[in-house]
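Letter by letter, the chains look like this.
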Amino acid sequence: MICIRSAALLGSAPDLASCPPSELPEFAFIGRSNVGKSSLVNMLTRVQGLARVSDTPGKTRLINFFVVNESWSLVDLPGYGYAKVGRKDRAQFSSFVADYLQNRPNLRGTFVLIDSRLTPQKIDLDFLDWMVHCGVPFILIFTKTDKLSRAAAQANIDAFLLRLQEISQEAPPVLTSSSKLSHGRLEILGLIEATLAEASEEESIA
Ligand SMILES: Nc1nc2c(ncn2[C@@H]2O[C@H](COP(=O)(O)OP(=O)(O)O)[C@@H](O)[C@H]2O)c(=O)[nH]1
Ligand SMILES: [Mg+2]
């Protein structure tokens, strides 16, 4: 199991060209504003306040990079689809997130966060449609499971996965999380660890 020995903010970038050097394997978190991306980064690293958690949606417009154990990175991407940022802004940040997701050479995994309290939302399905269309693989994390019963969350997850079948023939890995209760931490870190192990195996074969 991954043991987090250190976690620190490496930097923030407004566009792909300004991103820090792409030497370390990277794992990105994306989802609509307020879904719990920053809270999840803090929960995984166990460093409160590492990523800025906000009750005001639409605050993070930058891509934030956090280095873990000085060997890989977590990336907190700006949320998509917050209406109040206005049309122009929205187009701008979605294009730089799109650029990052399609063109970052060291991106090893993209976690798409979905609020487990909601029935399937068009905005999330539209985003995943774009991901599938571009061939960017993803892992789903249904967040905030502490806020509803297990059965209610599962019903929303099942409904979402059913809708996803209209978009993608392949079923993605699906995880659940509660940053409040630290649920899902081992599963998410386990997936990251497995991906890192795969990469180093490939390296030793090459
Ligand atoms: N109860 C509960 N609240 C959460 C959870 N994750 C995030 N929140 C709250 O949801 C709000 C938005 O969280 P944040 O991490 O800033 O979302 P982001 O915009 O996706 O980065 C904050 O008020 C958090 O405290 C969770 O797992 N459980
Ligand atoms: Mg955030």
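All of these numbers come straight from a predicted model, not from anything done at the bench.

Help me get a handle on the nonpolar core, residues and values and all.
Grouped together as the largest cluster of nonpolar side chains are 28 residues, with contacts concentrated most on Leu77, Tyr100, Leu101, Val112 and Leu140. Broken down by secondary-structure element, the contributors of at least two residues to this core are β2 (26-31), β3 (63-68), α2 (86-103), β5 (107-115), α3 (122-134), β6 (139-143) and α4 (150-164).

Now, about the packing of helix α1 (residues 37-45) against helix α5 (residues 185-205): what can you tell me, with residues and values included?
One can describe the packing of α1 onto α5 by two numbers: an axis separation of 10 Å at closest approach and a directional angle of 85 degrees. Relative to α5, the element α1 lies roughly perpendicular. Of the residues in α5, those touching α1 at Leu40, Met43 and Leu44 are Arg185, Ile188 and Leu189. Tallied by class, the residues present in the contact of α1 with α5 amount to five nonpolar, no polar and one charged.

Please give an account of the pairing of β3 that cites residues and values.
For β3, a buried count of six out of six residues is recorded, marking the element as mostly surrounded by other parts of the structure. In β3, alternate side chains face the same way, and those of Ile63, Phe65 and Val67 on one face and Asn64, Phe66 and Val68 on the other are all buried. Pairing of strand β1 (residues 7-13) with β3, which is carried by six bridges, proceeds in the antiparallel orientation. Note that in β3 the partner of leucine 9 across the bridge is phenylalanine 66.

Break down the side chain of aspartate 124 for me, with residues and values.
Inspection of the secondary structure assignment puts aspartate 124 in helix α3. This buried residue, aspartate 124, is left without a salt bridge; arginine 32 holds the nearest opposite charge, at 4.4 Å. Apart from residues no more than four positions distant in its own chain, aspartate 124 is found in contact with Arg32, Tyr80, Ile114 and Phe160.

How would you explain the sheet that holds β3 if you had to name every residue and give the values?
Note: strands within a sheet are paired through backbone hydrogen bonds, in either parallel or antiparallel orientation. Spatially, β1-β3-β4-β2-β5-β6-β7 is the arrangement adopted by the seven strands of the open sheet, whose pairing is mixed. Two strands close off the open sheet at either side, each with one partner strand: β1 and β7 (174-176). Within the sheet, the average angular offset between the axes of one strand and its neighbour, ignoring direction, is 25 degrees. Where β5 meets β6, five bridges bridge the pair, whose relative direction is parallel. Paired with aspartate 115 across the bridge in β6 is threonine 143. Strands β2, β5 and β6 of the sheet are contacted by α3, whose axis makes an angle of about 160 degrees with β5.

Procedures and definitions
Residues numbered from 1 in each chain as written. Chains lettered and ligands numbered in written order. Predicted model: local features only at pLDDT ≥ 70, side-chain atom pairs only at ≥ 80, totals over all residues. Heavy atoms only, no water. Core = buried A, V, L, I, M, F, W, Y, C linked by side-chain atoms within 4.5 Å. Buried < 20%, exposed > 50% of the residue type's maximum accessible area, 1.4 Å probe, protein only. Helix = DSSP H or I, 4+ residues; strand = E, 2+ residues; numbered from the N terminus. Axes fitted to C-alpha atoms, helices over the stretch in contact; angles between N-to-C directions. Parallel < 35°, antiparallel > 145°, perpendicular 65-115°, else oblique. Contact = heavy atoms within 4.5 Å. Nonpolar A, V, L, I, M, F, W, Y, C, P; charged D, E, K, R; others polar. Pairing = 2+ DSSP bridges. Lys, Arg positive; Asp, Glu negative; His and termini not counted. Salt bridge = Lys/Arg side-chain N within 4 Å of Asp/Glu carboxyl O.

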